[in-house]
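# Reading the structure
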Amino acid sequence: MSHIIVIANQKGGVGKTTTAVNLSACIATTGKSTLLVDLDPQGNSTSGIGIDKKELEASLYDVVVSEISKKDNATSEISAENVILETQIENLWILPSEKNLAGAEVELVNVPQREFCLRNILAPIQDEYDYIFIDAPPSLSLLTINGLAAAQSVLIPLQCEYFALEGLSELLQTIILVRDSLNNALRLQGVLLTMFQLTNLSKQVIDDVRDHLGDKVFDTVIPRNVTLGEAPSFGMPIIEYDRACAGALAYSRLADELIERNG
Ligand code: ATP
Ligand code: MG
């Protein structure tokens, strides 16, 4: 059975996409077949993994539209497998997105069962992968709810900064709501501390978060690492761009920790 993990935090810029791209690349490198689903209209996972968004013939948006019109018995059908692309990393595939995905949010509003669109899209293909990572947008929008409804667990990146815990209770509340109403199987995979720097503030944040959330926090902490910030502009995950840098080592350790937890 595949593990479906959504990487979510409604706060912007906390390291969701950096984690989605690099964790999925590290997991794929261990030999597990892995799918990265870009659920953010910003399409940062898509470009970060080396796909030129301008060259896309179809993207997740087209699959969503097709899934919606299926219910009207329309004939045109684009399924996930028509849109999934190979990446430069062995064992890693991507379901790409671009800015038109923002339109899906509007088109889904009046659809019955609108929260289950992504789940339905992934259902026919999920058994082909050991791990599926979903990179959610920075909001608690219908797209994110679709991610939570499709996943078995949530990984929450938290930036090691003063306001790290702000907004977390709202996110945890949303996860509980989704679990109670849409997806009984949903659980918290873990909280990942990102962009750690050797400052008193960063250390204080780590202590506070660990006090608060205990063993829900991954042992692995991702350091602030300039190379991690550079790699996406070359369309490469960190293990391709500079496999020896601190960021690459941290994401490899995280992959090991995740596999240890889940198999
Ligand atoms: P959004 O909410 O907009 O989707 P996000 O949560 O996906 O953002 P990222 O895009 O992963 O966050 O990261 C925000 C910025 O910080 C990016 O420029 C990224 O390259 C950089 N960054 C992320 N993690 C690190 C890190 N550990 N060290 C250095 N830079 C980082
Ligand atoms: Mg992002």
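The structure we're discussing is the one just above.
Bear in mind that the values here come from a model prediction, so they are computed numbers and not experimental data.

Around ligand 1 sit 18 residues in total, of which Lys 16, Thr 17, Thr 18, Pro 223 and Asn 225 are the nearest. Taking Lys 16, its side chain carries an N or O atom lying 2.8 Å from an oxygen atom of ligand 1. Asn 225 places a main-chain nitrogen or oxygen 2.9 Å from a nitrogen atom of ligand 1. Compared with its free state, where it exposes 630 Å², ligand 1 has 79% of that area covered by protein. Those elements giving two or more residues to the shell around ligand 1 turn out to be α1 (16-29), β8 (217-223) and α10 (226-230).

With that settled, the discussion passes to the environment of Asn 225. Summarising the element assignment, Asn 225 is placed in the loop between β8 and α10. Take Asn 225: its relative accessible area is 16%, and that puts it in the buried class. Spatially, the C-alpha atoms of Asn 225 and Met 195 are 7.3 Å apart, while their sequence positions differ by 30 residues. For Asn 225, the residues in contact, after removing those within four places along its chain, are Cys 245, Ala 246 and Gly 247. Within the local environment of Asn 225, its side chain forms a polar contact with the backbone nitrogen of Gly 247, the two atoms lying 3.3 Å apart.

Let us now look at the environment of Asn 120. By the element assignment, Asn 120 lies in helix α6 (residues 117-122). Taking the C-alpha atoms as reference, Asn 120 lies 8.0 Å from Ala 150; in sequence the two are 30 residues apart.

Moving on, we get to the packing of aromatic side chains. The way to describe two aromatic rings as a pair is by their centre distance and the angle between their planes. Applying the stated criterion across every chain, the model contains 4 aromatic pairs. Ring centres of Trp 93 and Tyr 129 lie 6.0 Å apart, and the angle between their planes is 70°; this geometry places the pair in the edge-to-face category. Of this pair, Trp 93 sits in strand β4 (residues 92-95) while Tyr 129 sits in the loop between α6 and β5 (131-135), and the two are 36 residues apart along the sequence. Residue classification places Tyr 129 among the buried positions, given a relative accessible area of 7%. Both rings, one in Tyr 162 and one in Phe 163, keep their centres 5.0 Å apart while their planes meet at 65°; by these two values the pair is edge-to-face. In this structure Phe 163 comes out as partly exposed when scored by relative accessible area, which is 46%.

The geometry of helix α5 (residues 101-108) relative to helix α7 (residues 142-150) is characterised by a closest axis approach of 9 Å and an angle of 85° between their N-to-C directions. When the axes of α5 and α7 are compared, the pair comes out roughly perpendicular. Where α5 approaches α7, its residues Leu 101, Glu 105 and Leu 108 are matched on the opposing element by Leu 142, Leu 143 and Asn 146.

Cut-offs applied
Residues numbered from 1 in each chain as written. Chains lettered and ligands numbered in written order. Predicted model: local features only at pLDDT ≥ 70, side-chain atom pairs only at ≥ 80, totals over all residues. Heavy atoms only, no water. Near = heavy atom within 4 Å. Polar contact = N/O pair within 3.5 Å; in protein donor to acceptor, adjacent residues only side chain to side chain. Areas by Shrake-Rupley, 256 points an atom, 1.4 Å probe, with all protein chains shown as cover. Helix = DSSP H or I, 4+ residues; strand = E, 2+ residues; numbered from the N terminus. Buried < 20%, exposed > 50% of the residue type's maximum accessible area, 1.4 Å probe, protein only. Contact = heavy atoms within 4.5 Å. Phe/Tyr/Trp six-rings, centres within 6.5 Å; stacked < 30°, edge-to-face > 60°. Axes fitted to C-alpha atoms, helices over the stretch in contact; angles between N-to-C directions. Parallel < 35°, antiparallel > 145°, perpendicular 65-115°, else oblique.

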